[in-house]
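# Topology and contacts: notes
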Amino acid sequence: MTKLSISERIINMKVSATLGMAQAAQKLKDAGVEVKVLSAGEPNFNTPSVISAVAKQSIDAGKVHYTPVRGTKNIISAMQEKFKRDQGVDYDEDQLMCTVGAKSAIMMALDAVANEGDEVIVFAPYWVSYFEQVKLARAVPVVVNCQAQNNFMPSAQELKAAITSKTKAIILNSPNNPSGGVISLEQLTQLADVLKDSSIWLISDEIYEKLLFDGHKHYSPAAINNDMYKRTILISGASKGYAMTGWRVGFVGACKEIISAMNKLQGQQTTCLPEFIQDAAAYALREDEHVRNAIKSMNDAYLERRDVCLERFKTMPQIKVFKPQGAFYIWADYSQVIKQKKLKDDIELGVKLLEEAHVAMVPGTPFGGPGSLRMSIASSMNDINQAIDHIEKWINS
Ligand code: PMP
Ligand code: GLU
């Protein structure tokens, strides 16, 4: 009998490091160890009850059937309002769709634009899934390393140097996972100048758009000018800002051709989001007073946690912390700790911290940031404080 086998593409694909670390931590917890889990970026808040109530009503009203692939009229019009209000961009109905999480939106966007061998530029540190998704789309990831002094955002020169005749798209993520960097209007305008008149798509992952500190503002590339509006595939989602990770809701705004291509893909892959989820997400997107208050109180909590972390890490000069401007992560360079402990790399450090200090964080290498580790502050203040106690004790041991 011929040997049954798995495709090379999937064999060569890496497991999601963020989800992988969460699983490793859970295994230790199941074995009775008390682990401080600061790995996956998942709000420790429940979805605001006003949003959940809408889903419950919809289920009771029998909204449990397939909907149009792109989404119902209700969610399409809510997205239209949202992108106008938050991003300052206008989309027609056929320029919008909702997806099964922003994750699938990014994958479909890549599938929609990339031919085999095309290059897609990703800016390091980048979210772990970009690199693997680009490869899954049969394209080639091209990494551009960004600098802390530029908020870990690409400069015009860095972008220009990475562009070749094969560049098909770039993926920009601001506010950024894992660094917490936020792109300034000036930086964005400079990138727009580089891209002007090129045939390069810009996949703009704006999922952390609601999570900003110190008065930083969110600017969407789609709002910069008409050229950028046409090339930008704007992706956001309900997971982070509305604490709706498990609901799996992504939002996309782009030109008609892209939405029609992604619609074709979604129609063959996942069909649509359940209607009761679309209803709840549409309610969230309209952001009435209850939702706005919930967003504010979650953001206040993240800000407090960030500031406590920054204060506490000040007493550990071996760890160089980047002050995040948005999102909910503390990205820090642990190279000196790795050296001091005579470890091979950040991956070994991540394993040691999990096994010996019982703190789960995600190593930097899968984010394209070797030597660093990412701590999620989407966990309780208590857990964060205890985790830092453990890290401090372990480093000094
Ligand atoms: N983009 C970034 C940068 C993320 O951190 C995440 C994490 N969830 C996603 C996209 C995907 O989010 P979701 O699929 O939950 O909408
Ligand atoms: N985006 C989150 C993270 O980076 C959730 C896990 C995932 O989907 O990667 O941890």
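You'll find the structure just up there.
These numbers come from a predicted model, not from an experiment.

Rules of the game
Residues numbered from 1 in each chain as written. Chains lettered and ligands numbered in written order. Predicted model: local features only at pLDDT ≥ 70, side-chain atom pairs only at ≥ 80, totals over all residues. Heavy atoms only, no water. Helix = DSSP H or I, 4+ residues; strand = E, 2+ residues; numbered from the N terminus. Rg over C-alpha atoms; globule rule 2.2 N^0.38 Å. Contact = heavy atoms within 4.5 Å. Lys, Arg positive; Asp, Glu negative; His and termini not counted. Charge placed at Lys NZ, Arg CZ, Asp CG, Glu CD. Polar contact = N/O pair within 3.5 Å; in protein donor to acceptor, adjacent residues only side chain to side chain. Disulfide = S-S within 2.5 Å. Buried < 20%, exposed > 50% of the residue type's maximum accessible area, 1.4 Å probe, protein only. Near = heavy atom within 4 Å. Areas by Shrake-Rupley, 256 points an atom, 1.4 Å probe, with all protein chains shown as cover. 1 Å grid on protein atoms, 1.4 Å probe; cavity = no way out; pocket = protein on both sides within 12 Å on 5 of 7 lines; lining within 4 Å. Sits in = over half its atoms within 2 Å of the grid points. Nonpolar A, V, L, I, M, F, W, Y, C, P; charged D, E, K, R; others polar. Axes fitted to C-alpha atoms, helices over the stretch in contact; angles between N-to-C directions. Left-handed = near helix turned anticlockwise from the far one by under 90°. Points joined across faces, edges and corners; volume = space filled by probe spheres on them.

## Focus on the overall build of the protein
Helix and strand content of the protein: 15 helices and 13 strands. The C-alpha atoms of the protein give 21 Å as radius of gyration, which agrees with the globular expectation for 397 residues (21 Å, within 12%). Projecting the C-alpha coordinates of the protein onto the three principal axes gives extents of approximately 65 × 60 × 55 Å. The contacts in the protein between residues at least 6 apart in sequence include a share of 75% that link residues at least 24 apart. Computed over 44 positive and 44 negative side-chain charges, the separation of the two mean positions in the protein equals 3 Å.

## Looking at the side chain of Gln325
On the secondary structure map, Gln325 appears in the loop between strand E9 (320-321) and strand E10 (329-333). Separated by 2.8 Å, the side chain of Gln325 and the backbone nitrogen of Val182 make a polar contact. Gln325 has contacts with Asn151, Gly180, Gly181, Val182, Leu212, Phe213 and His216, leaving out every residue within four places of it along the chain.

## Digging into the state of the cysteines
Evaluation of the coordinates by the stated rule reveals zero disulfides. The closest cysteine sulfur to the non-disulfide-bonded Cys272 is located on Cys98, 7.8 Å from its own sulfur. Residue classification places Cys272 among the buried residues on the basis of a relative accessible area of 12%.

## Thoughts on the site of ligand 2
Around ligand 2 lies a shell formed by Thr18, Leu19, Ala40, Gly41, Lys103, Trp127, Asn177, Tyr208, Lys240, Tyr329 and Arg374. Between ligand 2 and Asn177 there is a distance of 2.9 Å, counted from an oxygen atom to a side-chain nitrogen or oxygen. Separating a nitrogen atom of ligand 2 from a side-chain N or O atom of Lys240 is a distance of 3.2 Å. The protein chains hide 88% of the 280 Å² of surface that ligand 2 would expose on its own. Applying the majority rule of atoms within 2 Å of the grid points places ligand 2 in the second largest pocket. For the shell around ligand 2, the residue count by class is five nonpolar, three polar and three charged.

## A word on the packing of helix H3 (residues 49-60) against helix H11 (residues 275-286)
Across the interface, H3 lies against H11 with an axial gap of 8 Å and an inter-helix angle of 145 degrees. Where H3 crosses over H11, the two elements pack in a sense that is right-handed. Contacts between H3 and H11 pair Val50, Ile51, Val54, Ala55, Ser58 and Ile59 from the former with Phe276, Asp279, Ala280, Tyr283 and Ala284 from the latter. Of the residues contributing to the contact of H3 with H11, the split by class is nine nonpolar, one polar and one charged.

## Looking at the site of ligand 1
Close to ligand 1 lie 14 residues, the nearest being Ala102, Asn177, Asp205, Tyr208 and Ser239. Here an oxygen atom of ligand 1 sits 2.7 Å away from a polar atom, N or O, in the side chain of Tyr208. The separation between an oxygen atom of ligand 1 and a polar side-chain atom of Ser239 is 2.6 Å. Isolated, ligand 1 exposes 390 Å² of accessible area, and the fraction of that covered by the protein chains is 93%. Ranked by residues supplied to the shell around ligand 1, first place goes to helix H5 (residues 101-113) with four residues. Grouping the amino acids of the shell around ligand 1 by side-chain chemistry returns six nonpolar, four polar and four charged.

## Thoughts on the layout of surface pockets
Considering only enclosed or pocket space, the largest pocket measures out at about 560 Å³ in volume. Looking at the lining of the largest pocket, the elements that each hand over two or more residues are helix H2 (17-30), H5, helix H6 (128-136), helix H14 (346-356) and strand E12 (362-363). If one sorts the elements of the lining of the largest pocket by residue count, H6 sits on top with six residues. Of the residues assigned to the lining of the largest pocket, the class counts are 16 nonpolar, five polar and three charged. One number sums up the size of the second largest pocket: a volume of about 450 Å³. Along its surface, the second largest pocket is lined by 24 residues, and Gly41, Lys103, Trp127, Lys240 and Arg248 are the ones closest to its centre. Where the lining of the second largest pocket is concerned, the elements lending two or more residues are H2 and H5. Element by element, the count of residues in the lining of the second largest pocket is highest for H5, at four residues. Its residues assigned to classes, the lining of the second largest pocket shows ten nonpolar, eight polar and six charged.

## Some words on unusual backbone geometry
Most peptide bonds adopt trans geometry, and most residues besides glycine take a negative phi value. Of note, the bond from Ser174 into Pro175 is cis; its omega dihedral lies within 30 degrees of zero at -10 degrees. Omega for the bond connecting Asn177 with Pro178 falls within 30 degrees of zero, at 20 degrees, which places this linkage in the cis form. The residue Pro178 is located in the loop between strand E5 (167-173) and helix H8 (185-195) in this model. For His358, which is not a glycine, the phi torsion comes out positive at approximately 60 degrees. Here His358 shows up in the loop between H14 and strand E11 (359-360). Judged by its relative accessible area of 26%, His358 is partly exposed.

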